[in-house]
Amino acid sequence: MSAQQARKHQTLENEDPPMKRSMKRREFLKASLVGAAATGTLAAPAIAQAKDTFNWKMTNMYPAGAPFYTVGPGSPSDFCNRVKEMSGGRLNIHHFAAGELIPPKEGFDAVRSGTIEMNAGNAYYWAGKIFAAQYFTTVPFGLNFQGVNAWMYHAGGLELWNEVYADYGLVAMPMGNTGVQMTGWFKKPINSVEDFNGLKMRIPGLAGKVYEKLGVNVKLLPGGEIFPALERGVIDAAEFVGPYQDRRMGLHKAAKYYYTTGWHEPSNVTELMINKKAWESLPADLQAIVRSCAQACNLDSHAWSEANNADALTDLVTNEGVIAQTLPDDVVMQLKKLTDEVLAEKSAADPLTKKVHDHFMAFRDKHRSWASISEKPYHGLISS
C-alpha cells in the first residue's frame, strides 16, 4: 500500500457514520458521569434540591375580597401568585383570608408556633407582645412612603426589624403600603381638642396612645368590625385607611365628617411575617424570589392606592354628602405635643423600644432635612 493510500484508509476509519458517532458519545458521557459520581465532583444534591417543591400557608388579618389587603394589585394573594409564577411552581403559598383558617389577630402566634408559615397584617397589632413592633408599621408624625422605604431598604430599618423579631423565631419584611391615611370618620365635627374627650374611637397603634391622653376611649377592632360598630353607635369615630377603602366599607353611611392630616399614619406598612425555620429551609433562590415579590407588591400596592383615592374622595364629597376637611391647626399641634410625650415615655420604659425609637428618629430627622428642600417646596409651590 502506498503512503497516499494509507493516509486515505486512515481518514475513512476516522469518518464514522452518524449512528456510530452517536453511540460513542453516549458511551463517553456514561463513563464520565460514573467517574464524576465516583470522585464526588457531580453536584447531585444541588440538582435534586432545585426540584424540591414547598407548599405553604399564609393567613391574613383582613377579610376575603378586600382590595389591597387580600386581593388586587400588590395584595397578599397577588404576592402568592407572583411567587408561584417566578418559582415555576416550586413555592406554592395558599392564601387564607381572616377567619378562613384562624381568627384575624392570631397570626403572630400561629406563625411563631410553625402552624402556618406566613401571615399578612400590620406589626402594630402585636404591640401587646412587642411594643417596638409598632415602629415598623407607622409612627405618628413620622415617615411617609418614600421615607419609610428609604429607612427599611437602605438605612438599616429592615435589619433592625428582624433583630427585634429574632427571639420570637420570626422573619419580617414590607409587602405593601397605603401611603398617607385619612384621620378618620366622626359623627360630630372636631373644632377643638376638647371634642375628643369621652369619644369612643377605633384607632390602632401608637396614635391610640396619643388619643388616650385626650380622653378618647380607644377601641382596637379588625377592619371587618368597624362599620357595624360605627353604625350602631358602639363607637363615635373610626379610622381605617383612605377614600377608596373607606367608601367600600360604607363608613360614609355611618358618619359624615371626614378629616385629614395623616398625622397618625403618614404611611402604613403591610407586614409579611414568616416562620424563621421555614424561611431557612428555603434554598437561596426561593428566598430571593420571596424578597423580590414582596418588594414589588410594596410598590404596586401604593401605586394602586394613589391611582384610586382621588376619584373615590370626589365621589364621597359630590355624591354622598361627605364633609371632608383638615383638622384645626391647634388640634394638630396638640396632637404633635402629646405624640412626643407618648414616644418619650414608652421608649424610656423599654431598652428595645428605645433602640428602635432612636434609630427611627435619627433617620426621620435626616430624611426631613432633604424633604424640606425636595418634597415640601413641590407640595407648597408647584402642586398647589
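Note that this is a predicted model, so its numbers are computed, not measured.

Draft legend 1. How the structure looks around the overall build of the protein chain. When you go through the protein chain residue by residue, the secondary structure sums to 15 helices and 11 strands. Burial status across the protein chain gives 47% buried among its 384 residues. Put simply, of all contacts in the protein chain between residues at least 6 apart along the chain, 76% involve residues at least 24 apart. Roughly 18,500 Å² of accessible area belongs to the protein chain as shown, and the carbon and sulfur atoms make up 55% of that amount.

Draft legend 2. Just helix α14 (residues 351–371), in detail. Along its 21 residues, α14 runs 30 Å from first to last C-alpha, staying within 8% of the 30 Å computed at 1.5 Å per residue. Burial in α14 covers these residues: Thr353, Val356, His357, Phe360, Met361, Phe363, Arg364, His367 and Ala371. Tucked into the core, α14 has its buried residues touching α6 (145–154), α7 (157–165), α13 (329–349) and α15 (375–382).

Draft legend 3. Representation of the sheet that holds strand β6 (residues 200–202) in the model. An order of β7-β6-β8-β5-β9-β11 is seen for the six strands of this open sheet, with the pairing classed as mixed. Only two strands of the sheet have a single partner each, and these edge strands are β7 (217–219) and β11 (323–326). Of the strand pairs in this sheet, strand β5 (residues 184–186) and strand β9 (residues 257–260) are connected by three bridges, and their pairing is antiparallel. Pairing of glycine 184 across the sheet is with tyrosine 259, part of β9.

Draft legend 4. Representation of the sheet that holds strand β10 (residues 269–275) within the structure. What the five strands build is an open sheet, ordered β2-β1-β3-β10-β4; its pairing is mixed. Where the open sheet ends on each side, the last strands, each with one partner, are β2 (91–96) and β4 (170–177). In this sheet, neighbouring strand axes are inclined to one another by 25° on average, regardless of whether the strands run parallel or antiparallel. Pairing of strand β3 (residues 118–121) with β10, which is carried by four bridges, proceeds in the antiparallel orientation. By the bridge assignment for β10, asparagine 119 is matched with methionine 273.

Draft legend 5. Focus on the packing of α6 against α14. Where α6 meets α14, the closest approach of the two axes is 10 Å, and the angle between their N-to-C directions is 125°. When the axis of α6 is compared with that of α14, the two are oblique. Of the two elements, α6 crosses α14, and the hand of that crossing is right-handed. On α14, the residues touching Gln146, Gly147, Ala150 and Trp151 of α6 are His359, Phe360, Phe363 and His367. Grouping the constituent residues of the contact of α6 with α14 by class yields four nonpolar, four polar and no charged.

Definitions and cut-offs
Residues numbered from 1 in each chain as written. Predicted model: local features only at pLDDT ≥ 70, side-chain atom pairs only at ≥ 80, totals over all residues. Heavy atoms only, no water. Helix = DSSP H or I, 4+ residues; strand = E, 2+ residues; numbered from the N terminus. Buried < 20%, exposed > 50% of the residue type's maximum accessible area, 1.4 Å probe, protein only. Contact = heavy atoms within 4.5 Å. Areas by Shrake-Rupley, 256 points an atom, 1.4 Å probe, with all protein chains shown as cover. Expected span 1.5 Å × (residues − 1). Pairing = 2+ DSSP bridges. Axes fitted to C-alpha atoms, helices over the stretch in contact; angles between N-to-C directions. Parallel < 35°, antiparallel > 145°, perpendicular 65-115°, else oblique. Left-handed = near helix turned anticlockwise from the far one by under 90°. Nonpolar A, V, L, I, M, F, W, Y, C, P; charged D, E, K, R; others polar.

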